[in-house]
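Residues per chain, in single letters:
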Amino acid sequence: MRFVINDTDIETDIDPRTSLLDLLREQIGLTGTKKGCNQGACGACTVLVDGERILSCLALAVQYEGRQVTTVEGLADQAGLHPLQKAFIEHDGFQCGYCTPGQLCSAIGMAAELQRGLPSHVTGDLSAMAIRATREELAERMSGNLCRCGAHNGIIDAIDEVFGERRGQQGYDAEMPEKVA
Amino acid sequence: MTPFSFARATDADDALRLASARGGRYLGGGTNLVDLMRETIERPTALIDVTGLSSTIGERDDGGLLIGAAVRNTAVAEHAAVRARYPALARAILSGASGQIRNMATVGGNILQRTRCAYFYDNAGSRCNKRNPGEGCDAIEGFNRMHAILGASPSCVATHPSDMCVALAAFDATAHLLGADGERRLPLTELHHLPNGRPDDETLLKPGELITAVELPAERWFARSTYRKVRDRASYAFALISVAAALKIDGDRISDVRLALGGVAHKPWRAHKAEAALRGAPATAEHFRDAARAELAGAVPLSHNGFKIELAERTIVAVLQELAGEIA
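Quick caveat: nothing in here was measured; it's all calculated off a predicted structure.

**Focus on the overall build of chain B**
Thinking step 1. Counting its regular elements, chain B contains 13 helices and twelve strands.
Thinking step 2. Taken over C-alpha atoms, the radius of gyration comes to 19 Å for chain B, in line with the 20 Å a tight globule of 328 residues would show.
Thinking step 3. If you line up chain B on its principal axes, its C-alpha atoms span 60 × 50 × 35 Å.
Thinking step 4. Long-range pairs, those at least 24 residues apart, make up 64% of the contacts in chain B between residues at least 6 apart in sequence.
Thinking step 5. Accessible surface, chain B: about 12,600 Å² in total, of which carbon and sulfur atoms supply 50%.
Thinking step 6. Side chains of chain B give 39 positive and 38 negative charges; the mean places of these two sets differ by 3 Å.

And the structure:
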């Protein structure tokens, strides 16, 4: 069975019971993606599939044959860390770091959703085609990623710097980073 | 997880063929079924992946919308016609689960997620009539704060956790089904049934029958609709109470209304009694309260969820006031 993980073709046989998370960690050796609850409650296992964020623990790997999977290992490039990774360091967006790979992948998928105008639970006007990336919007959209160290404020600060509406102001990068997946 | 075979259906007929040959279960995004399989509560011997089936949202000639069963939850909430004409549906979906889960979950899978509670999941330690029919229910005398106040039976007090289905129930949505005997249609309000003596059996679907689409009727006034969810934290939690409502006012009178409740029953609860009390009545808080009380008169609290009755009443009144204010 063929998978495309971080732009690399991988051919491997799998038991249909294998989750995408276990395929990544146990068969391919990409242990950056973390197993937190393994039941869809914590978001630690979030990866991007064709640019969309999903939970790899609830995903049967067989359903993702041939799709483009991006994990935390695929975020940095030759030039260095992804801007969001740098911002997490800058803003203390973690303590133990266990939820961080999921937070990063989730935030990148979330930014793409915001950019294309997907509303959220806190969006006032559903008909608006452009949605302001307020702190409230960012926090709501990141609610599927728990941080038991309580670094949520630093996490949202980091996401706000890179994807929030203050982007472009003093001390903030002007450019939305290119979509990674 | 017990072993199973896996096959990908190319179309609805193929799915039916595969299901009848293998006796399997249909698989959407897997967000509920895979989780239950990991706990060995669900033990299908074959899975038929139906995520390749219809994933389009189409306008019907009569002005209604036809949503393919394989459309992801995110795509429904994002669709311009859903946002403009059925806002309660977009809001209901956006208040459910998390961004990641909404990207995975399909419309068909959301409808057919199991009605469940923590005791259903507690495979090793609790009795559950839904898991093992006839063994008893530990929720009734247990920690039942999240459980049902309407339509429950001594066999089961779990609630159906879908937000999407509450809005679909309010909007008179119809499920399109395909089975061995051909196509048929079932109102969403009738697709799930109350527990009665067999809470393990949750829907009127026949073995092997597949949901192919959900149809929303062309009622222009559904554009005045909303969904409110009350929960223990601001996001990513099941409903204690939720309300989907649409309101039509002519002059100062309510000419039509749709009202459905979530978090209260074994199925999405269409509030027919409250609707009957509201039709023709003045659109005032007093009448909203009377209607809510008419619906909740039959509510039966458990040891830890008595608060839900007043919470439901207040939420119904608040949602109807919000809609009436929008119109005024």
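**Structural notes on the interface of chain A and chain B**
Interface size, as often reported, equals the accessible area lost upon joining of the parts.
Thinking step 1. Between chain A and chain B, the residue contacts involve 40 residues of the former and 37 residues of the latter.
Thinking step 2. Buried area between chain A and chain B, both sides added, is near 3,200 Å², and the carbon and sulfur share of it is 51%.
Thinking step 3. If you sort the residues of chain A by the area they bury against chain B, Arg17(A), Leu58(A) and Leu126(A) come out on top, with a joint share of 22%.
Thinking step 4. The partner of Arg116(A) in a salt bridge is Glu78(B), and the shortest N-O contact between them spans 2.7 Å.
Thinking step 5. At the junction of chain A and chain B, the tally comes to 21 residue pairs in polar contact (both at pLDDT 80 or more).

**A closer look at the domain arrangement of chain A**
All names here are of chain A.
Thinking step 1. Examined at the domain level, chain A breaks down into domain 1 (2-74) and domain 2 (83-163).
Thinking step 2. Relative to domain 2, the C-alpha centre of domain 1 lies at a distance of 21 Å.
Thinking step 3. The partner domain 2 presents 17 residues to the 17 residues of domain 1 that form the contact.
Thinking step 4. Taken together, both faces of the contact between domain 1 and domain 2 bury some 1,300 Å²; the carbon and sulfur share is 53%.
Thinking step 5. On the domain 1 side of the contact with domain 2, Lys34, Arg53 and Val72 bury the most area, a combined 43% of that side's loss.
Thinking step 6. Across the domain 1-domain 2 interface, the total number found is two salt bridges.
Thinking step 7. Here Arg116 makes a salt bridge to Glu52, at a shortest N to O gap of 3.3 Å.
Thinking step 8. Looking at the side of domain 1 that touches domain 2, the element that brings in the most residues is strand β3 (residues 46-49), giving three residues.

**Considering the pairing of strand β4 (residues 52-55) of chain A**
Thinking step 1. As judged from the four bridges shared by β3(A) and β4(A), these two strands associate in the antiparallel manner. Pairing of Leu48(A) across the sheet is with Arg53(A), part of β4(A).

**Comments concerning the pattern of salt bridges**
All names here are of chain A.
Thinking step 1. Scanning the model with the defined rule gives 37 salt bridges over all chains in all.
Thinking step 2. Its salt-bridge partner being Asp50, residue Arg67 comes within 2.7 Å of it at the nearest N-O pair. Placement of Arg67 in the loop between β4 and β5 (68-70) and of Asp50 in the loop between β3 and β4 is noted, with a sequence separation of 17 residues between them.
Thinking step 3. Residue class for Arg67 comes out partly exposed when judged on its relative accessible area of 30%.
Thinking step 4. Take Asp50: its relative accessible area is 39%, and that puts it in the partly exposed class.

**Describing the packing of helix α2 (residues 83-90) of chain A against helix α5 (residues 152-163) of chain A**
The packing of two helices is summarised by the inter-axis angle and the distance between the axes.
All names here are of chain A.
Thinking step 1. For the pair α2 and α5, interaxial distance at closest approach is 8 Å and the crossing angle is 140°. On the basis of the axis angle, α2 is oblique to α5. The crossing of α2 and α5 is right-handed. Contacts from Pro83, Leu84, Ala87 and Phe88 of α2 reach α5 at Ile155, Ala158, Ile159, Glu161, Val162 and Phe163.
Thinking step 2. Grouping the constituent residues of the contact of α2 with α5 by class yields nine nonpolar, no polar and one charged.

Calculation criteria
Residues numbered from 1 in each chain as written. Chains lettered and ligands numbered in written order. Predicted model: local features only at pLDDT ≥ 70, side-chain atom pairs only at ≥ 80, totals over all residues. Heavy atoms only, no water. Helix = DSSP H or I, 4+ residues; strand = E, 2+ residues; numbered from the N terminus. Rg over C-alpha atoms; globule rule 2.2 N^0.38 Å. Contact = heavy atoms within 4.5 Å. Areas by Shrake-Rupley, 256 points an atom, 1.4 Å probe, with all protein chains shown as cover. Lys, Arg positive; Asp, Glu negative; His and termini not counted. Charge placed at Lys NZ, Arg CZ, Asp CG, Glu CD. Buried area = accessible area lost by both parts, 1.4 Å probe. Salt bridge = Lys/Arg side-chain N within 4 Å of Asp/Glu carboxyl O. Polar contact = N/O pair within 3.5 Å; in protein donor to acceptor, adjacent residues only side chain to side chain. Domains from an automatic or database assignment. Pairing = 2+ DSSP bridges. Buried < 20%, exposed > 50% of the residue type's maximum accessible area, 1.4 Å probe, protein only. Axes fitted to C-alpha atoms, helices over the stretch in contact; angles between N-to-C directions. Parallel < 35°, antiparallel > 145°, perpendicular 65-115°, else oblique. Left-handed = near helix turned anticlockwise from the far one by under 90°. Nonpolar A, V, L, I, M, F, W, Y, C, P; charged D, E, K, R; others polar.

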